[in-house]
Amino acid sequence: MNQGKKRCRDKDQTESDSDEVSHPKRFLTSYNFFFIHERAAIMKAQSDKVRKNESGHKSALPNAKVQIKNVSKEIASRWKGLSPKEKKTYIDMANNDLARYQRDFDAYKKRQAEKEKKQ
């Protein structure tokens, strides 16, 4: 059996079963937001392509699955081709997420301090 490994638990189960204060989710960068947006667009385009070519035969679209390596390369080249004006949208999203993270982290530190005072 997997004696050396811990099993993952559901988030709901972890929050209700433990007294530990969860660390805030890390902030995303502007590239992370762009990657999420573009990946969704690529995957939607790919699924649309599969639906159009679906004829009941597997040979209708032999490369129906998108490889993450190819998707990552495509998204990276798109990111490099963006103008600063186009990147600003994603930079603003990243700045908002960083502010959220800082607020959450400050609240987390306060909860940790309160927890230590109780002990």
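Scoring rules and cut-offs
- Residues numbered from 1 in each chain as written.
- Predicted model: local features only at pLDDT ≥ 70, side-chain atom pairs only at ≥ 80, totals over all residues.
- Heavy atoms only, no water.
- Helix = DSSP H or I, 4+ residues; strand = E, 2+ residues; numbered from the N terminus.
- Buried < 20%, exposed > 50% of the residue type's maximum accessible area, 1.4 Å probe, protein only.
- Contact = heavy atoms within 4.5 Å.
- Areas by Shrake-Rupley, 256 points an atom, 1.4 Å probe, with all protein chains shown as cover.
- Salt bridge = Lys/Arg side-chain N within 4 Å of Asp/Glu carboxyl O.
- pLDDT = per-residue confidence, 0-100.
- Core = buried A, V, L, I, M, F, W, Y, C linked by side-chain atoms within 4.5 Å.
- Phe/Tyr/Trp six-rings, centres within 6.5 Å; stacked < 30°, edge-to-face > 60°.
- Expected span 1.5 Å × (residues − 1).
- Arc of directions from axis to C-beta.
- Bend = angle between axes of the 7 residues up to and from the residue.

A. View of the overall build of the protein chain. Broken down by element type, the protein chain carries four helices and zero strands. Shown N-terminal to C-terminal, the secondary structure of the protein chain runs as helices and strands in the order α-α-α-α. Every one of the 119 residues in the protein chain was classed for burial, and the buried ones make up 14%. If you take every contact in the protein chain between residues at least 6 apart in sequence, the share linking residues at least 24 apart comes to 79%. On the protein chain, roughly 10,400 Å² of surface is accessible, and the fraction owed to carbon and sulfur atoms is 51%.

B. Up close: the pattern of salt bridges. Per the stated rule, a full pass over the model turns up five salt bridges. We note a salt bridge from Arg 78 to Glu 74, for which the minimum N-O separation is 2.9 Å. One end of the pair, Arg 78, and the other, Glu 74, are both in helix α3 (residues 68-81), four residues apart, so they sit about a helical turn from each other. For Glu 74, a relative accessible area of 34% corresponds to the partly exposed category. A single network of salt bridges, built from pairs that share partners, joins Glu 38, Glu 74 and Arg 78.

C. Inspection of the confidence of the model for the protein chain at higher detail. Of the residues in the protein chain, 70% reach a pLDDT of 70 or more, and the chain-wide mean stands at 80. Taken element by element, the protein chain is modelled with least confidence in helix α1 (residues 11-17), mean pLDDT 47, and with most confidence in helix α4 (residues 84-118), mean pLDDT 95. For residues 59-63, every residue scores under 50 in pLDDT, and the model assigns this stretch seven contacts once sequence neighbours within four places are set aside.

D. Geometry of the nonpolar core. If you look at the biggest cluster of nonpolar residues, it comprises ten residues: Phe 33, Phe 34, Phe 35, Ile 42, Val 71, Ile 75, Trp 79, Leu 82, Tyr 90 and Ala 94. Broken down by secondary-structure element, the contributors of at least two residues to this core are α2 (30-53), α3 and α4. Element by element, the count of residues in this core is highest for α2, at four residues.

E. Molecular detail of the packing of aromatic side chains. Enumeration according to the criterion identifies eight aromatic pairs in this entry. Both rings, one in Phe 34 and one in Tyr 90, keep their centres 5.2 Å apart while their planes meet at 85°; by these two values the pair is edge-to-face. Of the two residues, Phe 34 sits in helix α2 while Tyr 90 sits in helix α4, which places them 56 residues apart along the sequence. Here Phe 105 and Tyr 108 contribute two aromatic rings whose centre-to-centre distance is 5.8 Å and whose plane-to-plane angle is 35°, an arrangement assigned as tilted. Highlighted residues: Phe 105 and Tyr 108, both in helix α4, separated by three residues, approximately one helical turn. Judged by its relative accessible area of 14%, Tyr 108 is buried. Cluster of aromatic residues (ring-pair linked, three or more members): Tyr 31, Phe 34, Phe 35, Trp 79 and Tyr 90.

F. The arrangement of α3 in detail. With 14 residues, α3 should reach 20 Å at 1.5 Å per residue; the first-to-last C-alpha distance of 20 Å fits that figure. Among all positions in α3, only Val 71, Ile 75 and Trp 79 are buried. Mapping the buried residues of α3 onto a view down its axis gives an arc of 70°, with all of them on the same face. When the buried face of α3 is taken as reference, the exposed residues oriented beyond 90 degrees from it are Lys 69, Lys 73, Lys 80 and Gly 81.

G. How the structure looks around α4. If you check α4, its first and last C-alpha atoms are 50 Å apart, about what 35 residues at 1.5 Å a residue would give, namely 51 Å. When the local axis directions of α4 are compared, the greatest deviation, roughly 25°, occurs at Tyr 90. Among all positions in α4, only Tyr 90, Ala 94, Asp 97, Tyr 101 and Tyr 108 are buried.

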